[in-house]
Amino acid sequence: PPLAAALDNIRVAPTFYAFRWISLLMTQELDLPDVLRLWDSLLADERRFDFLLYFCVAMVLCIREDLLEHGDFSYSVKALQHYESRVPLHTLLERAHALYAADHPQLYAPPAAPPPRPPPPPDRMSSNGAAYL
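None of the values given here were measured: they were computed from a predicted structure.

1. A short note on the overall build of the protein
Regarding its fold elements, the protein presents 8 helices and 0 strands. Going residue by residue from the N terminus, the α and β elements of the protein occur as α-α-α-α-α-α-α-α. Counting every position in the protein, which comprises 133 residues, the buried fraction comes to 29%. Considering only contacts within the protein whose residues lie at least 6 apart along the sequence, 67% involve residues at least 24 apart. Only carbon and sulfur atoms are counted for the fraction: they give 61% of the accessible area of the protein, which is about 9,200 Å².

What follows is the structure, given as structure tokens:
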């Protein structure tokens, strides 16, 4: 992909930015309400740390055009290390969920139809209204 090639060309390795993102769970990149919202999403998912990686990818992809336009080491590292509020959290979460769903369609498949209900038991009342024993 062009962005990966461009970042490789200017020698911007993911360790320059993603290590901090992941080890500090985005506390330095997002405002506190956004951190709490992200953590809520992470803790609600049993595959929480898988989703965190997709969230990191979404962060890079959401500033893709900016990174490709400047194409320079110092600008790219600064943009990635000081992400702040460049992109609204809801946009990042939507993008991360879309990426995650594309890789794990079985988790996002519509629920299967419930099995048909068994027929009701036969009427337990006799013709004169007395219950069978």
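The rest of the description comes next.
2. Structural notes on a nonpolar patch on the surface
The grouping of Leu32, Leu36, Trp39 and Leu43 at the surface amounts to a nonpolar patch, some 420 Å² of accessible area in total. Following the sequence through the fold, Leu32 ends up in helix α3 (residues 32-44).

3. Description of the nonpolar core
With 32 residues, the main nonpolar core has Tyr17, Trp21, Met26, Phe55 and Leu80 as its most contacted residues. Elements with a minimum of two residues in this core: α1 (2-9), α2 (18-23), α3, α4 (48-62), α6 (73-81) and α7 (89-103). Excluding anything up to four places from it in sequence, Met26 contacts Trp21, Val35, Leu38, Leu52, Phe55, Cys56 and Met59.

4. What to know about unusual backbone geometry
Backbone geometry places Leu25, a non-glycine residue, at a positive phi of 50°. Assignment of secondary structure puts Leu25 in the loop between α2 and α3. Positive phi is not limited to glycine here, since Glu84 has a value of about 45°. On the secondary structure map, Glu84 appears in the loop between α6 and α7.

5. With respect to the pattern of salt bridges
In total, this model carries 3 salt bridges according to the counting rule given. Ionic pairing is found between Arg20 and Glu29, a salt bridge with its closest N-O pair at 2.6 Å. Note on Arg20: relative accessible area 30%, which makes it partly exposed. Residue Glu29 is classed as buried on the basis of its relative accessible area of 2%. The salt bridge involving Asp66 is made with Arg86; its shortest N-O contact spans 3.3 Å. You can see Asp66 sitting in helix α5 (residues 64-70) and its partner Arg86 sitting in the loop between α6 and α7, a full 20 residues away along the chain.

The rules behind these values
- Residue numbers restart at each chain and count upward from 1, following the sequence in its written direction.
- This being a predicted model, a pLDDT of at least 70 is required before a residue's local features are given, and a value of 80 or more before pairs of side-chain atoms are given or counted; all residues contribute to the totals for chains, interfaces and linings.
- Working from all heavy atoms in the structure, the side-chain values ignore hydrogens and water.
- Secondary structure elements follow DSSP: runs of H or I of four or more residues count as helices, runs of E of two or more count as strands, with numbering from the N terminus.
- For every residue, the accessible area obtained with a 1.4 Å probe (protein chains only) is divided by the maximum for its type, and the residue is called buried under 20%, exposed over 50%, and partly exposed between those limits.
- Throughout, a contact is declared for two residues whenever any of their heavy atoms are within 4.5 Å.
- For the area figures, the Shrake-Rupley method with a 1.4 Å probe applies, and any residue is considered shielded solely by the protein chains shown.
- In this analysis, a patch consists of residues with relative accessible area above 30% that form no salt bridge, clustered at 9 Å for like charges and at 5 Å for the nonpolar side chains Val, Leu, Ile, Met, Phe, Trp and Tyr.
- Only one rule defines a salt bridge in this text: a Lys or Arg side-chain nitrogen within 4 Å of an Asp or Glu carboxyl oxygen.
- The term nonpolar core refers to a set of buried residues drawn from Ala, Val, Leu, Ile, Met, Phe, Trp, Tyr and Cys, joined through side-chain atoms within 4.5 Å.

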